[in-house]
Amino acid sequence: MTADKPRSFQDIILRLQTYWADKGCAVLQPYDMEVGAGTFHPATTLRSLGPTPWAAAYVQPSRRPTDGRYGDSPNRWQHYYQYQVIIKPSPPDLQALYLGSLEAIGIDMEMHDIRFVEDDWESPTLGAWGLGWEVWCDGMEVSQFTYFQQVGGHDCAPVSGELTYGLERLAMYVLGHDDGNEMPFNAPDAPIPLTYGDVFREAEAQYARWNFDVADTDMLLQHFVDAERECQRILDQPEVDPKTGRRIVMAQPAYDQCIKASHLFNLLDARGVISVTERQAYIGRVRALAKLCADAVVASQQDGAAA
Amino acid sequence: MPDLLIELFSEEIPARMQTRAADDLRQRVTDGLVEAGLTYAHAAAFSTPRRLTLAIEGLLERSPDLREERKGPRTDAPEKAIEGFLRGAGVAREDLVEREEKKGTVFYAVIDKPGRPAPEIVAEVLEQVIRTFPWPKSMRWGAGSLRWVRPLHGILCILTTEAGAEVVPMSVDGIEASDTTRGHRFMAPEPFSVTSFEDYAAKLKRAKVILSTEERAETIWNDATQAAFALGLEVVEDRGLLAEVAGLVEYPVVLLGEIGAEFLDLPPEVLQTSMKEHQKFFSVKNPKTGRIERFVTVANIAAPDDGATILAGNRKVLSARLADAKFFWENDLRVAQSVGMTAWTDQLSNVTFHNKLGSQRDRIERIAALARELAPVVGADADLAEQAARVAKADLSSEMVYEFPELQGLMGRYYSDASGLPPEVGAACQDHYSPLGPSDAVPTAPVSVAVALADKLDTLTGFWAIDEKPTGSKDPFALRRAALGVIRLVLENGIRISMDRPVDAQILRHQIGVNAQHSETLEAILSASVAEGVFGARTRTLIEAAEAEAPGWLPLVRDHDPSVSDDLRSFLHDRLKVYLRDKGITHDVIDACLAMPENCDFALLAKRAEALAAFRLTEDGENLVQGFKRANNILTQAEEKDGVEYSFGADPKFAESPEETALFDALDMAEAKIKPAMQAEDFATAMAAMAGLRPAVDAFFEAVQVNAENPVLRRNRLNLLSRIRQTCGQVADLTRLDG
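Calculation criteria
- Residues numbered from 1 in each chain as written.
- Chains lettered and ligands numbered in written order.
- Predicted model: local features only at pLDDT ≥ 70, side-chain atom pairs only at ≥ 80, totals over all residues.
- Heavy atoms only, no water.
- 1 Å grid on protein atoms, 1.4 Å probe; cavity = no way out; pocket = protein on both sides within 12 Å on 5 of 7 lines; lining within 4 Å.
- Points joined across faces, edges and corners; volume = space filled by probe spheres on them.
- Helix = DSSP H or I, 4+ residues; strand = E, 2+ residues; numbered from the N terminus.
- Nonpolar A, V, L, I, M, F, W, Y, C, P; charged D, E, K, R; others polar.
- Phe/Tyr/Trp six-rings, centres within 6.5 Å; stacked < 30°, edge-to-face > 60°.
- Buried < 20%, exposed > 50% of the residue type's maximum accessible area, 1.4 Å probe, protein only.
- UniProt positions renumbered as here; feature names shortened; annotations may be inferred.
- Domains from an automatic or database assignment.
- Contact = heavy atoms within 4.5 Å.
- Buried area = accessible area lost by both parts, 1.4 Å probe.
- Salt bridge = Lys/Arg side-chain N within 4 Å of Asp/Glu carboxyl O.
- Patch = residues over 30% accessible without salt bridge, like charges linked within 9 Å, V, L, I, M, F, W, Y side chains within 5 Å.
- Areas by Shrake-Rupley, 256 points an atom, 1.4 Å probe, with all protein chains shown as cover.
- Polar contact = N/O pair within 3.5 Å; in protein donor to acceptor, adjacent residues only side chain to side chain.

> Sorry, what's going on with the layout of surface pockets here?
By rolling a water-sized probe across the atoms, one finds the places where empty space is left. Approximately 570 Å³ is the volume attributed to the second largest pocket. If you go around the second largest pocket, you meet 24 residues; those closest to its centre are Phe9(B), Arg50(B), Arg182(B), Arg185(B) and Pro189(B). If you list the elements that add at least two residues to the lining of the second largest pocket, you get helix H2 (94-104) of chain A together with strand E1 (3-10), strand E7 (152-161), strand E10 (175-178) and strand E11 (180-182) of chain B. A total of four residues in the lining of the second largest pocket trace back to one element, the largest contributor, which is H2(A). A per-class count over the lining of the second largest pocket returns 10 nonpolar, seven polar and seven charged.

Next up, the structure:
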């Protein structure tokens, strides 16, 4: 029963990759854009729409500019990693599969107290919600477990099961480090052993300064408006491409602009230029884009075109 | 007779929904069974995080046979009518019987409903209950369409007789009913089958599942208090938390842990809130110092190391949480000590209270002005009341309250004290939200009362001014609670104020948008309105003086439209009625007192109502009402007939009989007693004097014909009766009393 313990941050990632690959997931790479959470990856948002079965797992580097602490905090970074699993339709043994993944990274179910505590997930910017739990291990939240009910305002049928692991926190717990910057990133006995802080601390300071004090807010505002406009413009195009004569609904390029707008909003928020009342309006604008993209995905699937 | 056992086995059900769900399951299944003719002896429901269970004893084996006769149309009725009857009754033409009746030959449909076996009915009822279960929030999963609170995995459904147990054949969305279930997720995951409820409960216990929520709660509480007691400590009672934790575990294991020494100086409320909200820990207090020194966590597993690993993990998480709390606390203290509370109130100008009512800062300004004006009425120092109102909501901008909104007010007190403000101000920070409900304590310190009252009145007048009133069950801004708060503050502190005055003044403040155009003249006018009303002499003088400047707000004040205030007043009266009715005062007594002038002086109104309610139960009370009614009935009839009101000028010189003279004398004597009593608001004495009139009134009616031939005598006697009406009507409008 007792699994051997992982020794490094990357060891945990590798074990999760192997585990979910063994369970049949396509192990994808991170999406190549700035996102606030693994859910934004099109492999989750867009693929959770419509009837086509899907199973994927991936690491997603995520950015939350307001969480920046100049690399000084033991457990907060503006850039961090989420591990994301998405399976549609959600298999009946998803809880067991999930618990298996905890064993795979060295958490012994006999010794620890694992609890599924009610936590309904909602993303106001994606117009998405689901029911599920936060999973506690000895009182610490180690994952979010959600059955998607709606995305971009559309009912999810079949329902996707989504698992999100906060990798830093999970790794700190499994590796026994109170300060995340101190935990080994690669093997501690490697010729050049690196800690998490060695890899990220300097960049954290740089981004914190830029996020909080330097980013050009006029430019960010302009970019936000540009992304918003481009998203709509893409979706306003006729479905049939005049060049190839094929029906090509450009939902994903449009969705890229939605992701961009969302991240720009986060940057503006960190710069403190969005007032409390404006906040809701900005969130509403991003949600409107997400909804347009979801509409496009659903419409193109309904007409029998390839997603 | 068979027993029925049902278990619905699912993924983890939110703790807050379990008890209600077990009740709903019992209610709906038993209702369905009884409706189908299956009565039972006893039913009990249970819940754990993963299952809802229902055990029914003594169920009928089959529903009784029923024969129903339905009367149809006459045999010579039009064909359409007969066809309609056949459709409605669901029978064929040849099944009808004819019966001779007085009005002719009539068709009857005789419908035999044979009884059905229990399994058939149970299967139908249970499927229907599962498909329509009233979860507060439900979901779909996988590729199915069934909704449940979380994915449903198993249906155990068996009927047990002496001969043994049988599975009720049924399935819902591919989930087949069976006689098997599972134990604890980690300690006994293997499936097992059961034959009866007793067998089920016993096997579950062996499989590390305690079925009864109460038993789990009791185990937790007993183990926790014992562990604490062994160290000379005590667990801080928290029933809500206990119920929640009992819904998070199937097999509770209590673990007692230490809180890092560096956190013990945090305010106990912060420790308690942080541990409860984030970790669902109980707080453990040292009764000698009153400090919270340890915590209790409840695990769902008995680990081979006696929970050492689990406890260590929980401590680590707690330390991280408390490090955050300590960070907030220290930052906030630094702000309070170096800059003071204004550092936070300044930030509140960026926080919207309501888009039509401005920012929190605007709101604070209004509350501060009103608190100052109310101060003399509640016996508070005006400067202190204003100062307290200005900082009472400052903590909303503090880091601690951002993290723990439920600590609002309390943190305000800590920070106010830390910033060196007077203790009355700190107390007002903490207490001005109170009372929050009908049983919550009411502040009594004058400064706290002034701010609490001003806060609630500002909320009420604000939402009335923008026409956002509660409707039906919708009360998103908790205005009923605010109104009850006003009433409890006034009555329980015996505050004497005519509530229409501050209401008028504050509604004007909202309508004018005082913060936008601050003016000393306006403030003086509003102050005067609170003291003596919008139509008071001093207010009017100030308004006239302002005419020369002709400020933009003048018309609003000068032509004050009382309809908004009137509407709010009747809302407050409704809450007052509810409050008094809860004290056992009947509605007619309340109405009789509400009909009196000065009904905006709630304390006076309540005093009247209490006195009248008590007096009415005495013999004198009966005398008062009967004497009054006798006089009033005759008087009212005469007034209706004559079309005039007799209200003045009864003269004893027209008295003919000794009884009539005696009534004049009795009235004089009574009034001599009533006047000082009314001035002293001694309503009981006043009413006793009124009741004392009864013999004289009765004797008068025995001896004297009111409707005399002589119109002078008649008018005089009616005017005499009107004296009775006036005299007896000084405490309450007795015509509104029942009986």
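> Sorry if this is basic, but what is going on with the packing of aromatic side chains here?
Within a pair of aromatic rings, the relevant descriptors are the distance that separates the centres and the angle that separates the planes. Tallying each qualifying case throughout the model produces 35 aromatic pairs over all chains. Taking 6.1 Å as the distance between ring centres and 40 degrees as the angle between the ring planes, the aromatic pair formed by Tyr70(A) and Phe212(A) counts as tilted. A residue pair is termed long-range when its members are at least 10 positions apart, and Tyr70(A) in the loop between strand E2 (54-63) and strand E3 (79-88) and Phe212(A) in helix H4 (residues 196-214) qualify at 142 residues. Looking at Tyr70(A), the relative accessible area reads 35%, which means it is partly exposed. For Phe212(A), a relative accessible area of 18% gives the class buried. Consider the rings of Trp135(B) and Trp148(B), whose centres lie 5.1 Å apart with planes at 85 degrees: the pair is edge-to-face. You can see Trp135(B) sitting in the loop between helix H3 (118-131) and E7 and its partner Trp148(B) sitting in the loop between H3 and E7, a full 13 residues away along the chain. Owing to a relative accessible area of 1%, Trp148(B) belongs among the buried residues under this scheme. Three or more aromatic residues link up through ring pairs in this structure, and these residues are Tyr83(A), Tyr98(A), Phe116(A), Trp133(A), Phe145(A), Tyr147(A) and Tyr165(A).

> When you look at the UniProt feature "domain: DALR anticodon binding" (unreviewed entry) in chain B in this model, what are you seeing that I'm missing?
Annotation from UniProt places "domain: DALR anticodon binding" (unreviewed entry) at residues 625-737 of chain B. What you have in residues 625-737 of chain B is 68% helix and 0% strand, and the ends, taken at the C-alpha atoms, are 8 Å apart.

> Looking at this model, I keep getting lost on the domain arrangement of chain B. Mind explaining?
Interface extent is often summarised as the accessible area lost during association of the parts. Residues and elements named next belong to chain B. Partitioning chain B into structural domains gives domain 1 (3-62 + 117-206), domain 2 (66-113), domain 3 (213-337), domain 4 (343-582) and domain 5 (610-736). Put simply, the middle of domain 1 and the middle of domain 3, counted by C-alpha atoms, are 35 Å apart. Of the residues lining the interface, 12 residues belong to domain 1; the matching set on domain 3 comes to 12 residues. Both sides together, the interface formed by domain 1 and domain 3 hides about 930 Å², and carbon and sulfur atoms give 51% of it. Where domain 1 meets domain 3, there are three salt bridges. We note a salt bridge from Glu215 to Lys205, for which the minimum N-O separation is 2.8 Å.

> Even after reading the chapter, I still don't get unusual backbone geometry, so can you show me in this structure?
Backbone geometry follows two general trends: most residues other than glycine have a negative phi, and most peptide bonds adopt the trans configuration. Here Lys88(A) and Pro89(A) are connected by a cis peptide whose omega angle stands at -10 degrees. By the secondary structure assignment, Pro89(A) is in the loop between E3 and H2. Going from Ser434(B) to Pro435(B), the amide bond is cis rather than trans, its omega being -10 degrees. Phi at Tyr70(A) is positive, roughly 60 degrees, even though this residue is not glycine. A positive phi angle, near 55 degrees, is found at Ala478(B), a position not held by glycine. Its location among the elements puts Ala478(B) in the loop between helix H15 (446-465) and helix H16 (479-493). What makes Ala478(B) partly exposed here is its relative accessible area of 25%.

> What is the right way to read a nonpolar patch on the surface from this model?
All names here are of chain A. A cluster of nonpolar residues, Ile192, Leu194 and Val199, forms a patch on the protein surface that exposes about 250 Å² of accessible area. Within the secondary structure layout, Ile192 lies in the loop between helix H3 (167-175) and H4. On the accessibility criterion, Ile192 (61% relative accessible area) is exposed.

> How should I be thinking about the domain arrangement of chain A in this particular structure?
All names here are of chain A. Each assigned domain of chain A is listed here: domain 1 (9-209) and domain 2 (215-302). Between the C-alpha centres of domain 1 and domain 2 there is a distance of 25 Å. Contact with domain 1, which involves 23 residues of that partner, is made by 21 residues of domain 2. Surface buried jointly by domain 1 and domain 2 totals about 1900 Å² across both partners, of which 69% is contributed by carbon and sulfur atoms. Summed over the shared surface of domain 1 and domain 2, the result is zero salt bridges. At the surface where domain 1 touches domain 2, the tally comes to seven residue pairs in polar contact (both at pLDDT 80 or more).

> Help me out: how do you make sense of the pattern of salt bridges in this one?
Pairs can form between side chains of opposite charge whenever their charged atoms are close. Residues and elements named next belong to chain B. Within this structure, the stated rule accounts for 70 salt bridges over all chains. Across the pair Arg67 and Asp112 runs a salt bridge whose closest N-O atoms are separated by 2.8 Å. Of this pair, Arg67 sits in strand E4 (residues 66-74) while Asp112 sits in strand E6 (residues 104-113), and the two are 45 residues apart along the sequence. Assessed through its relative accessible area of 47%, Asp112 is described here as partly exposed. Here Asp698 ties to Arg630 by a salt bridge, and the two come within 3.2 Å at their closest N and O atoms. Of this pair, Asp698 sits in helix H27 (residues 694-703) while Arg630 sits in helix H24 (residues 619-642); the two residues are 68 residues apart in sequence, bridging distant segments of the chain. Of the residues examined, Asp698 reaches a relative accessible area of 21% and is grouped as partly exposed. Residue classification places Arg630 among the partly exposed positions, given a relative accessible area of 34%. Residues joined by salt bridges that share partners form a network here, namely Asp346, Arg361, Glu365, Arg372, Asp383, Glu386 and Arg390.

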